[in-house]
Amino acid sequence: MRRCRLLEKTWVLLPAMACTPLGLWMYQDPGVTVSRVRLGSEPTDSAPVVVALDVRNPNDYGVSTTRVELRLALDDRPIGRLDRASHVALPQVATSTVALPLVPDRATSAAQLRAFGSGVHRFLVEGRATFATPIGSRKVRFAQEGQLAFGPPALPASAPAGPAASP
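Heads up: these notes are all about the structure in this document. (Residues numbered from 1 in each chain as written. Predicted model: local features only at pLDDT ≥ 70, side-chain atom pairs only at ≥ 80, totals over all residues. Heavy atoms only, no water.)

1. A word on the pattern of salt bridges
What counts, and what does not: What counts as a salt bridge is simple: a side-chain nitrogen of Lys or Arg found within 4 Å of a carboxyl oxygen of Asp or Glu. Every helix listed is a DSSP run of H or I at least four residues long, and every strand listed is a run of E at least two residues long, numbered separately from the N terminus. Exposure is judged per residue with a 1.4 Å probe applied to protein chains only, and the accessible area is read against the type maximum: over 50% gives exposed, under 20% gives buried, and values in between give partly exposed.
With the rule as written, the count across this model stands at six salt bridges. We note a salt bridge from Arg-71 to Glu-126, for which the minimum N-O separation is 2.0 Å. With Arg-71 in strand S3 (residues 63-74) and Glu-126 in strand S6 (residues 119-133), this residue pair connects regions lying 55 residues apart in the sequence. You can call Arg-71 partly exposed: its relative accessible area is 36%. Arg-122 is the partner of Asp-76 in a salt bridge, and the nearest nitrogen-oxygen pair spans 2.4 Å. Here the residue Asp-76 occupies a position in the loop between S3 and strand S4 (77-90), and Arg-122 occupies one in strand S6, the gap between them amounting to 46 residues. The structure contains a network of salt bridges with shared partners spanning Asp-76, Arg-122 and Glu-145.

2. Structural notes on unusual backbone geometry
In this model, Asp-75 sits at a positive phi of 50°, which is unusual for a non-glycine residue. The topology assignment puts Asp-75 in the loop between S3 and S4.

3. Details of the environment of Gly-62
Convention followed: Two residues qualify as a contact provided that any one of their heavy atoms is within 4.5 Å of a heavy atom in the partner residue.
Here Gly-62 lies in the loop between strand S2 (49-57) and S3. Take Gly-62: its relative accessible area is 46%, and that puts it in the partly exposed class. When the C-alpha atoms of Gly-62 and Ala-132 are compared, they prove to be 9.5 Å apart, with 70 residues separating the residues in sequence. In this view, Gly-62 contacts Asn-57, Leu-90, Pro-91 and Gln-92; residues no more than four positions away in its chain are not counted.

Right, here's the structure in full:
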């Protein structure tokens, strides 16, 4: 009788073990990359700087952010920091874009921000995101640098540059 109960329990566990290799829970930290940096066009903008992050969840189950911390520098000049609780659900095996408003440091003037409003500038974003996962809280560091073009969006190649001439 005892052997039958043991077999019943084994059959119940088999489907759960088949979902993951050898019954082990597989987890990979999400990846965080910079999607874009946008500067407000007016000094009165409520969010004069927005940093958008692409967050990729490689797992076959959802996770969520609980906190995001980052700092931004443009052309080696510190622009601002962000440190806030942030709950964003990330679907399984997908990439989500999260736009974060950044309040500039007191030392960063509106004139300095306007100077970054056009042209190509070097950026550096460093930070840490905290994720709620099935195996507990995970802190993931990220850093990215490169060049971004600032200014009005370019016209599509098929769009006319000015008023159409009539024949």
